[in-house]
Amino acid sequence: MSKTFNISLLPGDGTGPEVVDEAVKVLSKTSSYYDTQFNFSQNDLGGDRYLNTGDLVTDNDIKQFQDSDAVLLGAIGHPDVKPGILEQGILLKLRKEFDQYINLRPVVLYPGVETPLANKEPEDINFIVVRENTEGLYAGAGGYIHYGTENEIATQESINSYHAIHRCIKYAFEYTKNNNRKKITLCAKTNVLTYAHDLWERIFYDVAKDYPEIETDYGHVDAVCMWMVKNPEWFDVIVTDNMFGDIITDLGAMIQGGMGIAAGGNINPSGTSMFEPIGGSAPKYTGKNIINPLACIGAGAMMVKELGEEKYASDIEKAIINTAIKLDSLSAGKMGMSTEEVGDSVVEELSNLNE
Ligand code: IPM
Ligand code: MN
């Protein structure tokens, strides 16, 4: 009997709807090959709705997502809304509300894709960043005193609980084991963050005891940035806190060929996860049918994997690879194909794989 998954679509702002459309096209046209079926429901959260109604995440949104097996998000960010409102009020709110405590970001250079790193090949750039996704500097702890005066003091505290660190590190080790990877690097800053990252380090080596077959390594975040550029082949799985994970995964997206291809998942292993292309809403490309949908299709593949359909997920990835190779560039407007044609190509590649 075919399995049915209920997916909430949150296309959001800018080019979000265009890339989500292509991911939906791919999934709806190929699911029958894998004995699966998707019921998609639309959600209109985003900058436009906020400007029209003043609503950010409502109880109805939460209910809709709760009733879904996963959420596929396009992009959040609107040129007419002050930076921070939508990010905090939608993206970060949903990550916390659904306790999506892992942000999983593969940094994989596909064959034929250009990397800005000289002399690096696909076998050199193939690692996964496991970013803690609920705490650290993103916890929202802090405030102002004497707001708006020259005596103003602003604080923003990094919150690091044993609970959140432990589950994140545990997830990273389990991920490494289950995906046949060999080594985990803790990326932190123990030489300066002598309390918070000392706790990370202690938990890291404590959890590592249960995985003697996995090699462990440590890198300060600044050095990790250096090695990601100079020797990315050293990395296999990186586990890190929220802020550092945010920063190093943008660097990661660049070395794997850019935002056109970089996908991520906000994961609650026992709840509702949300998958997204890492890039933003790209207002200047909106509605032009020139944005690259591969990152969103890749987010769809991560979603399918998380839903337990591993073969389907790895075939979508192959179809993405076969499509990426045909493109002149991964950048919007320079692909040599339209957004829709790229989606069509992924569908075609998937049907070839199933001939
Ligand atoms: C990301 C984004 C978000 C983050 C922003 C939009 C809040 O940069 O998903 O990496 O910092 O987590
Ligand atoms: Mn980011």
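All values reported here derive from a predicted model rather than from experimental measurement.

Here is what the cut-offs are and how they apply
- Residues numbered from 1 in each chain as written.
- Chains lettered and ligands numbered in written order.
- Predicted model: local features only at pLDDT ≥ 70, side-chain atom pairs only at ≥ 80, totals over all residues.
- Heavy atoms only, no water.
- Salt bridge = Lys/Arg side-chain N within 4 Å of Asp/Glu carboxyl O.
- Helix = DSSP H or I, 4+ residues; strand = E, 2+ residues; numbered from the N terminus.
- Buried < 20%, exposed > 50% of the residue type's maximum accessible area, 1.4 Å probe, protein only.
- Domains from an automatic or database assignment.
- Contact = heavy atoms within 4.5 Å.
- Buried area = accessible area lost by both parts, 1.4 Å probe.
- Expected span 1.5 Å × (residues − 1).
- Near = heavy atom within 4 Å.
- Polar contact = N/O pair within 3.5 Å; in protein donor to acceptor, adjacent residues only side chain to side chain.
- Areas by Shrake-Rupley, 256 points an atom, 1.4 Å probe, with all protein chains shown as cover.
- 1 Å grid on protein atoms, 1.4 Å probe; cavity = no way out; pocket = protein on both sides within 12 Å on 5 of 7 lines; lining within 4 Å.
- Sits in = over half its atoms within 2 Å of the grid points.
- Nonpolar A, V, L, I, M, F, W, Y, C, P; charged D, E, K, R; others polar.

S.K.: So what about the pattern of salt bridges? Which residues, and what values?
M.R.: Considering all chains together, one arrives at 20 salt bridges under this definition. Linking Asp222 and Lys189 is a salt bridge whose minimum nitrogen-to-oxygen distance equals 2.9 Å. On the criterion of sequence distance, the pair formed by Asp222 in helix α7 (residues 221-230) and Lys189 in the loop between β8 (183-188) and α6 (196-208) is long-range, its members being 33 residues apart. On the accessibility criterion, Asp222 (44% relative accessible area) is partly exposed. The structure contains a network of salt bridges with shared partners spanning Glu22, Lys25 and Asp344.

S.K.: Tell me about the domain arrangement of the protein chain, and name the residues and values.
M.R.: Looking at the protein chain, the domain boundaries give domain 1 (1-100 + 286-355) and domain 2 (115-256). A straight line from the C-alpha centre of domain 1 to that of domain 2 covers 26 Å. At the interface, seven residues of domain 1 touch ten residues of domain 2. Summed over both partners, the interface of domain 1 with domain 2 comes to about 660 Å²; 34% of that surface belongs to carbon and sulfur atoms. Of all residues in domain 1, the largest losses of buried area upon contact with domain 2 belong to Arg95, Lys96 and Asp99, amounting jointly to 57% of the total for that side.

S.K.: Can you explain helix α11 (residues 339-353)? Please cite residues and give values.
M.R.: Compared with the 21 Å implied by 1.5 Å per residue over 15 residues, the 22 Å span of α11 between its first and last C-alpha is a close match. Where α11 is concerned, the buried positions are Thr339, Val342, Gly343, Ser345, Val346, Val347, Glu349 and Leu350. In the core, the buried residues of α11 are packed alongside α1 (16-30), α9 (294-306) and α10 (310-324).

S.K.: Let's hear about the site of ligand 1: which residues, and what values?
M.R.: Within the structure, ligand 1 sits among Glu87, Leu91, Arg95, Arg105, Arg131, Tyr138 and Asp246. Between ligand 1 and the protein, one listed contact pairs an oxygen atom with a side-chain N or O atom of Tyr138 at 2.6 Å. At a separation of 2.8 Å, an oxygen atom of ligand 1 approaches a polar side-chain atom of Asp246. Here ligand 1 loses 77% of its free accessible area of 320 Å² to cover by the protein chains. Comparing atom positions with the cavity grids shows ligand 1 to sit within the second largest pocket. Here the shell around ligand 1 gets three residues from one element, more than from any other, and that element is helix α4 (residues 85-97). Class assignment for the residues of the shell around ligand 1 results in two nonpolar, no polar and five charged. Taken together, domain 1 (1-100 + 286-355) and domain 2 (115-256) each give at least three residues to the shell around ligand 1, which thus spans both.

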